[in-house]
Amino acid sequence: MIMAIAPSTAAMDMSSPAGAQELTAPGTGPAAQDVIGPATDSGTQASGASLPDVTTLAADVPNLVQSVDWVAIAPPTITAVVALAVLVADLFVPAAHKRWLGLGAIGGLIAALIALVPLTDGDRQTFCLTTAPDTCSYVADHFTLAIQLLVLGGALLTALLALSDTRRDLPAGEFWFLLLASAAGAALLPASRDLATLIVALEVASLPAFALVGLKRGDRRSSEAALKFFLSSVTATAVSLLGVSFVYGTTGSLHLTEIATRIGEVSGQLDTLAKTGVALTLIGFAFKTAAVPFHFWVPDTYVGAPLPIAAYLSVVGKAVGFSGLILVTVIAFPGYADVWGPAIAVLAALTMTAGNVAALRQSSDRPWSAVRLLAWSSVGQAGYILVPIAAAAYSSDDQIGATVAYALMYAAVNLGAFAVAALVSRTHPLNRIADYRGLYATRPLAALAMGFFLLCLAGLPPGIIGLFAKVTVFSSAVDAGLGWLAVVMAINVVIALYYYLRWTAILFRTPEAAPEAASESAAATDTDRGRLALRRTPRAVTLAIALTAAVGVALSGYPQLVLRFAATSLF
């Protein structure tokens, strides 16, 4: 019997589901009847049993073959492939030509940004369950497109700022690989639609960032900053993984849409466990947004890290946090909005207040006070970003568009402010706020750009986009019935005006006078130094300042470019 059947089954094409379905039952087909017909009949007569239906068995086996939409996954894939290419190329490129690694990394990020263009046509999804085609692990919708634009654009500007540093202070091969690897994880996260992929993307974005913070060899502050960042982040991730295990245990699924369906059917005995899982899952993403009380790592990390990496963490790191927070709250846990809604509203109020008050207390003569002020300012801005997420719990997920619009505005102008800080740090390594006094006299264009960025962050004209973005966030709180949160936000906006305007005024003050005995020679020396520093300004840093200023001006002139996200559903 076995010897007779083997040739016929071996001839089948088992490489595809169609081939599996071509199996026929024993005793069918002329050839099969000639070979096994008599044996089947005698076997049936002898034992009274019949052979199983092979067609039924093949149909019962689920098809595990998944199609891959390479266009949808192109942006993070290109970034990851270029990261590996840079790492391998570093082994063979001589030290005199390491600059080509940076140019290759920048080219890869530009290619990843270009790969976003086909995604504007409509939603794409891939890595879907064969038994439920609408349940997918990767979705490229409008929300994904907006966040990937922010992440890859922020990584590109960071690369421009770091291009000259990798020629002098930082190891080129390691730096570019770590930056691109982190950007690949950050680009993957907004497209993730299951908790496992979310956590993996979060760690892929975070682990290289730890190394980037501590990449300044021999710098004690850099090593200390990396250690603080690592320990606090790992603790938050461990808590989040515990929450994910609780959610999976109560719902039996990791896909966000399936969780949203099943979590409302959790029995009363498991309801407390499910709510605990929801709360714990949010902690890891709240840490990435630097929400209070998970913000304590921010100022020391920003000061100890290379300045381009501080800029990267302030924008891309936050994008990772709030995009993950949006996905798990709005898509996975809408049934528990009564749990996460009030919690995020309180976090938003505490975060904006703590950030702005701490920024207000920064002394202009303290070493690295400019970076510390930008760090605390980013904490305050994170509070504003959290407001629409909290509002979504009380109204609808349409409020999420306000978060995306504000984040896009914040990313452009905050990266611009860090770019000017990187420029000033070339002549003033301590980077105090007082070092910016009279910047207009030596670098008028840089001073005008910095003043514009600070006014955008404050929400004052001519930074129209900053004003409109704050009004949009304020309106989302009012529309959701969170009047108390709108009042807290209004108070914090007033507090922030003081330190933003104080720094802006310093830019245009008269430089401090030199002693009378050497006033003329000192003035001539300062002028010569200013001209020399201006000539030595790296072109990549100048380009980064110009690009961010151009984006800020364009958004202020035509704010609908980003504010339209606030008027439409992104999911």
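Residues numbered from 1 in each chain as written. Predicted model: local features only at pLDDT ≥ 70, side-chain atom pairs only at ≥ 80, totals over all residues. Heavy atoms only, no water.

What to know about the pattern of salt bridges
Point 1. Counted according to the given criterion, the structure contains 10 salt bridges.
Point 2. Here Lys228 makes a salt bridge to Glu224, at a shortest N to O gap of 3.2 Å. Separated by four residues within a single helix, Lys228 and Glu224 lie in helix α11 (residues 220–251), roughly one turn from each other.
Point 3. Judged by relative accessible area, which is 32%, Lys228 ranks as partly exposed. (Salt bridge = Lys/Arg side-chain N within 4 Å of Asp/Glu carboxyl O. Helix = DSSP H or I, 4+ residues; strand = E, 2+ residues; numbered from the N terminus. Buried < 20%, exposed > 50% of the residue type's maximum accessible area, 1.4 Å probe, protein only.)

Topic: helix α24 (residues 539–557)
Point 1. Counted at 1.5 Å a residue, the expected span for α24 with its 19 residues is 27 Å, and the 26 Å between its end C-alpha atoms agrees.
Point 2. Residues of α24 that are buried: Ala540, Val541, Ala544, Ile545, Thr548, Ala549, Gly552, Leu555 and Ser556.
Point 3. Considering only its buried residues, α24 is in contact with α7 (142–162), α18 (400–424), α20 (444–458), α21 (464–479) and α25 (560–563). (Expected span 1.5 Å × (residues − 1). Contact = heavy atoms within 4.5 Å.)

Some details on the state of the cysteines
Simply put, disulfide is the name for a covalent bond between the sulfur atoms of two cysteines.
Point 1. As enumerated under the stated definition, the model contains one disulfide in all.
Point 2. Note that Cys128 is cross-linked by a disulfide to Cys136, the S-S spacing being 1.9 Å. One disulfide, between Cys128 and Cys136, carries an S-S torsion of 90 degrees and so falls in the right-handed class. Grouping residues by exposure puts Cys128 and Cys136 together as buried. (Disulfide = S-S within 2.5 Å.)

A few points about the nonpolar core
Point 1. By size, the foremost hydrophobic cluster in this structure holds 179 residues, and its most contacted members are Phe175, Trp176, Tyr302, Phe333, Val404, Tyr436 and Trp503.
Point 2. The element best represented in this core is α18, accounting for 19 residues.
Point 3. In contact with Phe175, other than residues within four places in its own chain, are Ala162, Thr166, Leu170, Leu212, Leu215 and Ile309. (Core = buried A, V, L, I, M, F, W, Y, C linked by side-chain atoms within 4.5 Å.)

Quick look at the pairing of strand β2 (residues 136–140)
Point 1. Burial runs high along β2: five of the five residues are buried.
Point 2. In this structure, strand β1 (residues 124–128) lies alongside β2, joined through four bridges in antiparallel fashion. Counterpart to Thr126 in the pairing with β2 is Tyr138. (Pairing = 2+ DSSP bridges.)

What about the environment of Pro429?
Point 1. In this structure, Pro429 sits in the loop between α18 and α19 (439–442).
Point 2. Sequence separation between Pro429 and Trp368 is 61 residues; the distance between their C-alpha atoms is 8.3 Å.

Focus on the packing of α7 against α18
The description of two helices packed together rests on the angle between their axes and the distance between the axes.
Point 1. Following both chains from N to C, one finds α7 and α18 inclined at 5 degrees, their axes separated by 11 Å at the closest point. Here α18 runs roughly parallel to α7, going by the angle between their axes. Contacts from Phe143, Ala146, Ile147, Leu150, Gly154, Leu157, Thr158 and Leu161 in α7 reach Ile400, Val404, Ala407, Leu408, Ala411, Leu415 and Ala419 in α18.
Point 2. Of the residues that constitute the contact of α7 with α18, the class distribution is 13 nonpolar, two polar and no charged. (Axes fitted to C-alpha atoms, helices over the stretch in contact; angles between N-to-C directions. Parallel < 35°, antiparallel > 145°, perpendicular 65-115°, else oblique. Nonpolar A, V, L, I, M, F, W, Y, C, P; charged D, E, K, R; others polar.)

Things to note about the packing of helix α17 (residues 369–392) against α21
Point 1. Direction vectors running N to C along α17 and α21 enclose 40 degrees, while the axes themselves pass 8 Å from each other. By the criterion of interaxial angle, the relationship of α17 to α21 is oblique. With respect to the hand of their crossing, α17 and α21 are arranged in left-handed fashion. Residue-level inspection shows Gln381, Tyr384, Val387, Pro388 and Ala391 of α17 in contact with α21, the latter providing Lys470, Val473, Ser476 and Ala477. (Left-handed = near helix turned anticlockwise from the far one by under 90°.)

A few points about the side chain of Thr351
Point 1. Of note, Thr351 is situated in helix α16 (residues 337–360).
Point 2. Separated by 2.9 Å, the side chain of Thr351 and the backbone nitrogen of Val292 make a polar contact.
Point 3. A distance of 2.6 Å separates the side chain of Thr351 from the backbone oxygen of Leu347, its partner in a polar contact.
Point 4. Setting aside anything within four residues of it in sequence, one finds Thr351 in contact with Ala290, Ala291, Val292, Val379, Gly380, Ala382, Gly383 and Leu386. (Polar contact = N/O pair within 3.5 Å; in protein donor to acceptor, adjacent residues only side chain to side chain.)

Remarks on a nonpolar patch on the surface
Point 1. Residues Leu207, Leu227, Phe230, Leu231 and Val234 make up a contiguous nonpolar surface patch of roughly 420 Å² in combined accessible area.
Point 2. With four residues, α11 is the single largest residue contributor to the nonpolar patch.
Point 3. Among the secondary structure elements, Phe230 is positioned in helix α11.
Point 4. Judged by its relative accessible area of 34%, Phe230 is partly exposed. (Patch = residues over 30% accessible without salt bridge, like charges linked within 9 Å, V, L, I, M, F, W, Y side chains within 5 Å. Areas by Shrake-Rupley, 256 points an atom, 1.4 Å probe, with all protein chains shown as cover.)

Thoughts on the packing of aromatic side chains
Point 1. Inspection of the entire model under this criterion finds 12 aromatic pairs.
Point 2. On the numbers, 6.1 Å between centres and 75 degrees between planes, the contact of Tyr384 with Tyr406 is edge-to-face. Of this pair, Tyr384 sits in helix α17 while Tyr406 sits in helix α18, and the two are 22 residues apart along the sequence. With respect to class, Tyr384 is no different from Tyr406; both count as buried.
Point 3. Their ring planes at 55 degrees and their centres at 6.2 Å tell us that Phe452 and Phe453 sit as a pair that is tilted. (Phe/Tyr/Trp six-rings, centres within 6.5 Å; stacked < 30°, edge-to-face > 60°.)

Some words on the side chain of Ser377
Point 1. Assignment of secondary structure puts Ser377 in helix α17.
Point 2. Side chain to side chain, Ser377 and Tyr500 meet in a polar contact 2.3 Å long.
Point 3. If we skip the residues at most four places from it in the chain, Ser377 touches Ala359, Tyr499 and Tyr500.

Some details on unusual backbone geometry
Point 1. The linkage connecting Val292 with the following residue, Pro293, adopts the cis geometry, with an omega of 10 degrees.
Point 2. Mapped onto the secondary structure, Pro293 falls in the loop between α13 (268–288) and α14 (298–304).
Point 3. The backbone of Ala290 sits at a positive phi, close to 60 degrees, despite the residue not being glycine.
Point 4. Mapped onto the secondary structure, Ala290 falls in the loop between α13 and α14.
Point 5. On the basis of relative accessibility, which here comes to 0%, the residue Ala290 falls in the buried class.
Point 6. At Trp368, a position not held by glycine, the phi torsion is positive, near 60 degrees.
Point 7. Within the secondary structure, Trp368 sits in the loop between α16 and α17.
Point 8. Trp368 gets classed as partly exposed once you look at its relative accessible area, which sits at 24%.

Some remarks on helix α15 (residues 307–332)
Along an α-helix, residues three or four apart share an orientation, since each turn contains 3.6 residues.
Point 1. Helix length check: α15, at 26 residues, gives a terminal C-alpha distance of 36 Å against a target of 38 Å (1.5 Å per residue), a fit within 8%.
Point 2. Leu313 marks the point of greatest bend in α15, at about 35 degrees. (Bend = angle between axes of the 7 residues up to and from the residue.)

Read these as spatial facts, not as claims about activity.
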